[in-house]
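Reading the structure
What follows is each chain in one-letter form.
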Amino acid sequence: MLAPNLLLEVGNNQIETVETLLEVGRYLVIFLAARALAELMVRLKLPTILGELVAGVLIGVTGLHLILPPAVHAELNQGMLALIGNCAGVSSEAVAEIYTDSFSSLEATAKLGLYALLFLTGLESELDELMAVGQQATTVAITGVLLPFSLGTTGLYILFHVPLFPAVFAGASMTATSIGITASVFSELKFLKTREGQTVIGAAVLDDIFGIVILAVVVALAADGVLSAGPILQLVLAAAVFVAVALFLSRTAAPAFDWVLDRLKAPGEVVVAAFVVLGLCCFAAEAIGLEAALGAFAAGLILSASKHTAAIQQSVKPLAALFATVFFVLIGSSLDLSVMNPFNPDNREGLVVALFLLAVAIAGKVAAGWSYLSVQKTNRLVVGLGMMPRGEVGLIFLGLGSQAGILSAPLEAAILLMVIGTTFLAPVLLRLALSGVEPPADLAAEQAA
């Protein structure tokens, strides 16, 4: 709420004017900055989410202070406050108060983007393809989760004396694999349908399931502030049952969803029906003490077996792209990268932590490429490199950790550098590893068709 003295100074019409200018201005700044940087990343053949993240850094607490979450307690750009104040006829101080009071609407949009993004991640999980390479993918996924998680958590806790909850969360942030980034590189090089490509995609699906379960458990434990065997086992069991039920419903409830959808005639029926399922699953997850993020992912898993999956993806992707942009920009805007300034002696330990996380994140996933048995000859380095990028899933971990207040500013920055490093390096190293290697002729012809 506005301070009482400002309420006396500012009329209702002026408040509405300032709120409207702020809302429109924030979205303009976010989308213009994000699109400009995303276009640059596309031309450099890098993931667009890096552009959205860098855009947030440039306009946030590290850069121009145009978009600042109230939690960072930084001073807003005075030029922006003066401009809006002059347009509405109020003081800069009043504009700053209204900015803080109205920021929750932008955070709600970002949260919708998070849920839509996780919904799409579950929706794009090819469970049938996972079964085809089930044994190898399962082994790679388990190794790719356990190694980074255990090494990261233990190293932070023992070597760097990071408190247990933040150490566990940072370890968990290294478990995920970005399906989209790896799949795009494999597809570009005509290796998506190879044994290596399918093993990585299958393992990445499992990684997302394991990682998001860990995320839901850690965030729920952090909210209670208790780390003991009983609550951990209870939450792990609840999360495992929740995902198992979602996988079961993908085979049993998806036909019922299709039956209902086939009988709806009003425009927008596909996206509305999909978001109803998304909402129900988020509600169910929260109701049993888990994170709504797990519910969003589970909703995608349930509908992944629908005959309307392609139509759902086509309807949801534009909304996810729009709202997820806000989510990624807000993550970047809240990150104070000055804590990574190498010229400040106080930051040296934070930089060492960042390098440690990056090394563990790379080594843990690459080692997973040698963790399975296969009669057929496979390129294990390619499998390991394919598991490396954390991408949007790693940023989801970072965003939820920031919102939950689990992470310190240096640890946030260290996790960000780990996510950026693995996301940037994976496509480059994959292209180098596959340079000069010809895909099987039949697969190349099939994918070119």
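On a predicted model such as this, the values are computed, not experimentally measured, just so you know.

The rules behind these values
Residues numbered from 1 in each chain as written. Predicted model: local features only at pLDDT ≥ 70, side-chain atom pairs only at ≥ 80, totals over all residues. Heavy atoms only, no water. Helix = DSSP H or I, 4+ residues; strand = E, 2+ residues; numbered from the N terminus. Buried < 20%, exposed > 50% of the residue type's maximum accessible area, 1.4 Å probe, protein only. Contact = heavy atoms within 4.5 Å. Polar contact = N/O pair within 3.5 Å; in protein donor to acceptor, adjacent residues only side chain to side chain. Salt bridge = Lys/Arg side-chain N within 4 Å of Asp/Glu carboxyl O. Patch = residues over 30% accessible without salt bridge, like charges linked within 9 Å, V, L, I, M, F, W, Y side chains within 5 Å. Areas by Shrake-Rupley, 256 points an atom, 1.4 Å probe, with all protein chains shown as cover. pLDDT = per-residue confidence, 0-100. Expected span 1.5 Å × (residues − 1). Bend = angle between axes of the 7 residues up to and from the residue. Phe/Tyr/Trp six-rings, centres within 6.5 Å; stacked < 30°, edge-to-face > 60°. Lys NZ or Arg CZ within 6 Å of the ring centre and 35° of its normal. Core = buried A, V, L, I, M, F, W, Y, C linked by side-chain atoms within 4.5 Å.

Summing up its helical and strand segments, the chain has 20 helices and zero strands in all. Put simply, the chain has 449 residues, and 52% of those count as buried. In the chain, 78% of the contacts between residues at least 6 apart in sequence involve partners at least 24 apart.

What follows deals with the environment of Ser338. Considering the arrangement of structural elements, one finds Ser338 in the loop between α15 (309-334) and α16 (348-368). Through-space distance from the C-alpha of Ser338 to that of Thr62 is 6.8 Å; in sequence the pair is 276 residues apart. Looking at Ser338, its side chain comes within polar contact range of the side chain of Asp336, at 2.5 Å.

Moving on to the pattern of salt bridges. A side chain with one charge may pair with a side chain of the opposite charge, provided their charged atoms come close. All told, the structure shown has five salt bridges when counted by the stated rule. In this structure, the salt-bridge partner of Arg26 is Glu23, at a minimum N-O distance of 3.3 Å. Note that Arg26 and Glu23 are positioned in helix α2 (residues 12-43) at a spacing of three residues, about one turn of the helix. Two residues, Glu52 and Arg35, come together in a salt bridge whose shortest N-O distance is 3.2 Å. With Glu52 in helix α3 (residues 48-59) and Arg35 in helix α2, this residue pair connects regions lying 17 residues apart in the sequence.

With respect to the secondary-structure elements, Thr109 resides in helix α5 (residues 92-123). The exposure class assigned to Thr109 is buried, which follows from its relative accessible area of 13%. If we skip the residues at most four places from it in the chain, Thr109 touches Tyr27, Phe323 and Val326.

Let's shift gears to the environment of Asn379. The residue Asn379 is located in the loop between α16 and α17 (380-386) in this model. Taking C-alpha positions, Asn379 is 9.4 Å from Leu434, a pair spaced 55 residues apart along the chain. Side-chain polar atoms of Asn379 contact the backbone nitrogen of Leu381, separated by 3.3 Å. From its side chain, Asn379 meets the backbone nitrogen of Val382 in a polar contact 3.2 Å long.

Turning our attention to a nonpolar patch on the surface. On the surface, Tyr157, Ile158, Leu159 and Leu164 cluster together into a nonpolar patch covering about 400 Å² of accessible area. The biggest single contributor to the nonpolar patch is helix α7 (residues 134-159), with three residues. Its place among the elements puts Ile158 in helix α7. Overall, Ile158 belongs to the exposed group, its relative accessible area being 53%.

Positioned with a positive phi, His65 is a non-glycine residue whose angle comes to about 60°. One can find His65 in the loop between α3 and α4 (78-88). Its identity as a non-glycine residue notwithstanding, His161 has a phi of 55°, on the positive side. Looking at the element boundaries, His161 is found in the loop between α7 and α8 (164-173).

In the predicted model, the chain carries a mean pLDDT of 82, and the fraction of residues at 70 or more is 90%. Low pLDDT, under 50, characterises residues 443-449; the predicted model gives this stretch eight contacts beyond four residues in sequence or across chains.

If you trace the backbone, Thr309 turns up in helix α15. At a separation of 3.1 Å, a polar atom in the side chain of Thr309 contacts the main-chain carbonyl oxygen of Leu303. Contacts of Thr309, omitting those with residues within four sequence positions, involve Leu123, Leu303 and Ser304.

Right, let's talk about α5 for a bit. For an α-helix, the turn length of 3.6 residues means that residues three or four places apart are oriented alike. Under the 1.5 Å per step criterion, the end-to-end length of α5 is 46 Å for 32 residues, consistent within 8% with the ideal 46 Å. Its axis deflected by about 40° at Ser102, α5 carries its strongest bend there.

Here the structure, examined in full by the defined rule, presents four aromatic pairs. An angle of 15° between the planes, with centres 6.1 Å apart, marks the rings of Tyr27 and Phe31 as stacked. Residue Tyr27 and its partner Phe31 are both found in helix α2; the two are separated by four residues, about one turn of the helix. Lying across the ring of Tyr99, Arg26 places its NZ or CZ 4.8 Å from the centre.

Given a rise of 1.5 Å per residue, 32 residues ought to cover 46 Å, and the 47 Å separating the end C-alpha atoms of α2 matches this to within 8%. Within α2 the residues assigned to the buried category are Ile15, Val18, Leu22, Glu23, Arg26, Ile30, Ala33, Ala34, Leu37, Ala38 and Met41. The first or second residue beyond α2 is Lys45, which carries a positive phi of 60°.

Below, the discussion takes up the nonpolar core. Formed by 143 residues in total, the largest nonpolar core has its most connected members in Leu156 and Leu357. Residues in contact with Leu357, not counting those within four places in the same chain, are Leu156, Met174, Leu411, Ala414, Ile415 and Met418.

Among the structural elements, Ser173 can be located in helix α8. Classification of Ser173 by relative accessible area gives buried; the value is 1%. Sequence spacing of Ser173 and Gly211 is 38 residues, and the spatial spacing of their C-alpha atoms is 7.7 Å. A distance of 2.5 Å separates the side chain of Ser173 from the backbone oxygen of Ala170, its partner in a polar contact.

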